[in-house]
Structure formats: C-alpha cells, structure tokens
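Notes for the structure review
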Amino acid sequence: MKKQKSKLAGLQKRKAIAGYLFISPFIIGFLAFMVKPLFQSLRMSFSEVSLGSGNFSLAFNGIENLKYAFRVDPEYTRLLVEELGRMVVYSLAIIVFSFFVALILNQKFKGRALVRAVFFLPVILSSGVILGLETNNQLMATLAAQIEETTSGVSITAALENILRTAGVGVKAFEKVFEVIDNIYDVAIASGIQIIIFLSGLQTISSSMYEAADIEGCTKWESLWKITFPMISSMFLVNWIYTVVDFCMRSDNKVIEKIQSVMIDQMQYGRASAMSWVYFLVILAFIGISSFLISKEVYYYD
C-alpha cells in the first residue's frame, strides 16, 4: 500500500515538474521583460509625467489621473461601459458557437479531418498581419460592394429586425442577437481555439456512456444534458476566461483606442496609465466574479 502511494506521489511530482518546464519560457520572459514595465506603469498612473530630452520625470499627484479619467474625460466612462457590454454579448456568442461547432466536428463523417482543419484556419487568420491585409484588400472591398449592389441592399436579418421592431417583441434583446448575426464572421474568427478545447474535451468522453444511455432509452437531447455537459463543464470555464482576455486585446477595442489616443496624441502618459490600470482591474474583477459563478456550476454540478 505504501509503495503504491509513493509511486502515485512520484508520478504526480513528475507531472508537476513537466508542467513547470512547459510554462518556464513564459515565466522567464515575464520576469525579464514585463515586471519592470508593469510597476513603472503603475507608478506613472499616480504621477504627472514630464518628458525631457531622452528621459522623463515623475511627480506624484495622487489620484488626479483617476479623477481626470472619470470626471473630466467625456468619453472614457462611456466607452468602458459599452465595451464591457459588448464583451459579455460577444463572449457568450463565441462560447455557444464554438460548442455547437465542436459537437458537429466530433461526429463521424467523411472528410472530418479536412473540416476540422478548415475550422482551425481562424486561428491563423486572426493574426494581425492577415487582418491588416484583409482590411486593405481592394479585391475584397470590390466584391463586397458588388454583392451589396446585386442584392439591392436587402438583408434577411434587417427585414426580420424590422418586423420584430414593428411588432414590439423584445426589441433590445433582438437587436443584440441581430448584431451578433451580422458580425458572425468576427465570431467565427475568434472561435478557433475554443473549438479545439471543446473538441478535446468531447473526445475524452467514453462512447460506452452514450451506449449505456441508449440502452436505457435516453434521447440525444437527454444525453447532451446528462452526459456531455457535466463531462466537459470544466472546459466552459477555461474557454470563458480565454475568450474574455482575447476580446480585451482586440485591435478594435474602443477603450484601448482611447488609451492609445491619450498616450500618443496627447502625450499624457500618466493619464493613459491610469486608464489602462482601471480597465485592467475592471476586467480582472469581471473574470474573478464570472469564474466564481461558473466554477460553482462546474464543481457542484447536480
């Protein structure tokens, strides 16, 4: 008995060492290149930064930069609230879309490997270089204009939205849904990693569990809720955290654009640092609260 416990402890120790070795490049890079700028930015957020020839000086001014961000700047608070709302909507859409696609890709059909490779392409296409080329692509712009001209500007989602708006049925909720549908390309582009994580979780579920459920007379819908969801519930937490962090680093984030404008155009490094730290702490608090709520369902799933 003692030998079995010692073998199990040794195996767990080797796995822990392998895990630390795997993340050691990130840890070394963070300590070498990120710690000093991080604390310097925190110091700047409570200081007035004066630029000189080849250097800068800091004069402590307390929370004046924070007061400027929330009381003086006319856009920062509004953009912060709008981006948080957009983050929640798009993160939920990405989670639902990636889980649905992962369920499809987990089925057995001809050409499954090719289809999986196609759905992994958004991970490559989401790089900054590809997005830049895509944005400045004259051919794509011409094709889009030609399609819009051919269809005479008719949009099925716009027509449905007008019908629902006229009927007065859940206008606000449907506006968000149609906004996500109109931006389904962005949702698909941001779902590559999440699909892989969900797919890896689905493949760990033993087929014998589904066979036993079929023998007991369970429908596919019941198997989904009673087997699939509980078995991969931890993957929802992982994907949620990744999706939120990934959304906050998008190039079209209005808060990030505002911070860059204050830092580069106005040359106000102290105010920009304060804004960035507020945004960081708000996102960190949101991740902590949402992760706590999700983890309660993950570890205490009924």
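This is a predicted model, so every value here is computed, not measured.

**Focus on unusual backbone geometry**
- A positive phi angle, close to 60°, is found at Met267, a residue other than glycine.
- By the secondary structure assignment, Met267 is in the loop between α15 (254-265) and α16 (269-299).

**Brief notes about the UniProt feature "transmembrane region" (unreviewed entry) in the protein**
- Following the UniProt record, the feature "transmembrane region" (unreviewed entry) maps to residues 20-39, 87-106, 113-133, 184-202, 223-242 and 277-295 here.
- End C-alpha to end C-alpha, residues 20-39 measures 25 Å, and it is 95% helix and 0% strand.
- In the segment residues 184-202, helix accounts for 89% and strand for 0%; the C-alpha atoms at its two ends are 24 Å apart.

**Digging into empty space enclosed by the protein**
- One pass over the structure, following the stated rule, counts 2 cavities of 30 Å³ or more.
- As for the second largest cavity, its lining consists of Ile94, Ala190, Thr243, Asp246, Phe247 and Arg250.
- With 3 residues, the top contributor of residues to the lining of the second largest cavity is helix α14 (residues 233-248).
- A class-by-class count of the residues in the lining of the second largest cavity yields 3 nonpolar, 1 polar and 2 charged.

**A short note on the packing of aromatic side chains**
- A complete count under the given rule lists 12 aromatic pairs for this structure.
- Arranged with centres 6.2 Å apart and planes meeting at 25°, the rings of Phe26 and Phe30 form a pair that is stacked. Of this pair, Phe26 and Phe30 both sit in helix α1 (residues 2-33), 4 residues apart, which is roughly one turn of that helix.
- On the accessibility criterion, Phe26 (61% relative accessible area) is exposed.
- The class of Phe30 is partly exposed, set by a relative accessible area of 32%.
- Put simply, the rings of Phe99, Phe198, Trp221, Trp225, Phe229 and Phe236 touch in pairs and so form one group of aromatic residues.
- The ring centre of Tyr90 lies 5.8 Å from the NZ or CZ of Arg86, which sits over that ring.

Conventions we followed
Residues numbered from 1 in each chain as written. Predicted model: local features only at pLDDT ≥ 70, side-chain atom pairs only at ≥ 80, totals over all residues. Heavy atoms only, no water. Helix = DSSP H or I, 4+ residues; strand = E, 2+ residues; numbered from the N terminus. UniProt positions renumbered as here; feature names shortened; annotations may be inferred. 1 Å grid on protein atoms, 1.4 Å probe; cavity = no way out; pocket = protein on both sides within 12 Å on 5 of 7 lines; lining within 4 Å. Points joined across faces, edges and corners; volume = space filled by probe spheres on them. Nonpolar A, V, L, I, M, F, W, Y, C, P; charged D, E, K, R; others polar. Phe/Tyr/Trp six-rings, centres within 6.5 Å; stacked < 30°, edge-to-face > 60°. Buried < 20%, exposed > 50% of the residue type's maximum accessible area, 1.4 Å probe, protein only. Lys NZ or Arg CZ within 6 Å of the ring centre and 35° of its normal.

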